[in-house]
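Listed below, chain by chain, are the residues.
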Amino acid sequence: MSLIDLTDALGVPLWYDRSTLYGVPHPTKLRFKGTGELRKALELLGKDLKKIGWLDYIEKILTAGVYVNKPGAHKEGIAVDFDGAVVRRSPSGGSESKVYVYKAGRSDSLARVTATRLACLIARRFGVVLTAGYNRAHEDHIHADLSRPVKWYGSVSQVILVQETLNAWYGAGLKVDGIAGKKVRAAWSEASGGQFVPTDFDYGDAFKWLLDTVAFNPPIQF
């Protein structure tokens, strides 16, 4: 396996943050490596973040997991964990920078929509995205990897992402359980304005629609 540097692939540096406490950036810049496939996915995600205006305010993306010597996608060099970001409150930057971290259980609507919009942006470039609703191990970061293709395949993690997103952006009030039942299809159809019929549901098209809409044309503006 050949690994290449991808520290700056997003357009802003990946920055290690769990050396002392979660969400505390390491005092010095470290380098991260992964496969060329991972670098390309990060570059595309960076362009998406630039397109929606987020990258103009982000100084660093916090992570504690890219290549990790343990079984799984991290060891294969095709995975990355997103812990949070160091964000400027204004384009002038300066002393106004603040660390924002991904954390489950946040009750404010801004945190919920920000987290789910980020997850949708990531899911457009990574086939596997594990969020807070997936299990307790992911309550403090979003895991993304390329072990599966970028399309709908009906996994528990994909359904959870859909449920979390419909709840945050459309007030669906769904139970986050990873089961794409009648209530999920009905809420999904309602969110789309009836574009997808619950009784004859095209999950692939509906998933792409949800990711693209929340990523680039969200129903709520802040």
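Residues numbered from 1 in each chain as written. Predicted model: local features only at pLDDT ≥ 70, side-chain atom pairs only at ≥ 80, totals over all residues. Heavy atoms only, no water.

**Focus: the overall build of the chain**
And step 1. Per the secondary structure count, the chain includes 5 helices and 9 strands.
And step 2. Helices (α) and strands (β) of the chain occur, in sequence order from the N terminus, as β-β-β-α-β-β-β-β-α-β-β-α-α-α.
And step 3. Its C-alpha radius of gyration of 17 Å places the chain within 12% of the 17 Å reference for a compact globule of 222 residues.
And step 4. Across its three principal axes, the chain shows a C-alpha extent of roughly 55 × 40 × 30 Å.
And step 5. Across the 222 residues in the chain, those meeting the buried criterion constitute 47%.
And step 6. In the chain, the proportion of contacts linking residues at least 24 apart, taken out of those at least 6 apart, comes to 60%.
And step 7. Working note: accessible area of the chain is about 11,100 Å², and carbon and sulfur atoms make up 52% of it. (Helix = DSSP H or I, 4+ residues; strand = E, 2+ residues; numbered from the N terminus. Rg over C-alpha atoms; globule rule 2.2 N^0.38 Å. Buried < 20%, exposed > 50% of the residue type's maximum accessible area, 1.4 Å probe, protein only. Contact = heavy atoms within 4.5 Å. Areas by Shrake-Rupley, 256 points an atom, 1.4 Å probe, with all protein chains shown as cover.)

**Comments concerning the confidence of the model for the chain**
And step 1. For the chain, mean pLDDT is 90; residues scoring 70 or higher make up 92% of the total.
And step 2. In the model of the chain, strand β7 (residues 98-101) stands out as the element of lowest mean pLDDT, 81, in contrast to helix α1 (residues 36-51), which has the highest, 98. (pLDDT = per-residue confidence, 0-100.)

**A word on the packing of aromatic side chains**
And step 1. Under the defined criterion, the tally for this structure stands at 9 aromatic pairs.
And step 2. On the basis of an interplanar angle of 50 degrees and a centroid distance of 5.0 Å, the ring pair of Trp188 and Phe201 is categorised as tilted. Of the two residues, Trp188 is situated in helix α4 (residues 182-191) and Phe201 in the loop between α4 and α5 (203-216); the sequence distance between them amounts to 13 residues.
And step 3. Classification of Trp188 by relative accessible area gives buried; the value is 1%.
And step 4. Each residue in the set Trp152, Tyr170, Trp188, Phe196, Phe201, Tyr203, Phe207 and Trp209 is aromatic and connected to the rest through ring pairs, giving one cluster.
And step 5. The lysine or arginine in question, Lys60, covers the ring of Trp15, its NZ or CZ lying 4.7 Å from the ring centre.
And step 6. When the ring centre of Tyr153 is taken as origin, the NZ or CZ atom of Arg148, which lies over that ring, is 3.7 Å away. (Phe/Tyr/Trp six-rings, centres within 6.5 Å; stacked < 30°, edge-to-face > 60°. Lys NZ or Arg CZ within 6 Å of the ring centre and 35° of its normal.)

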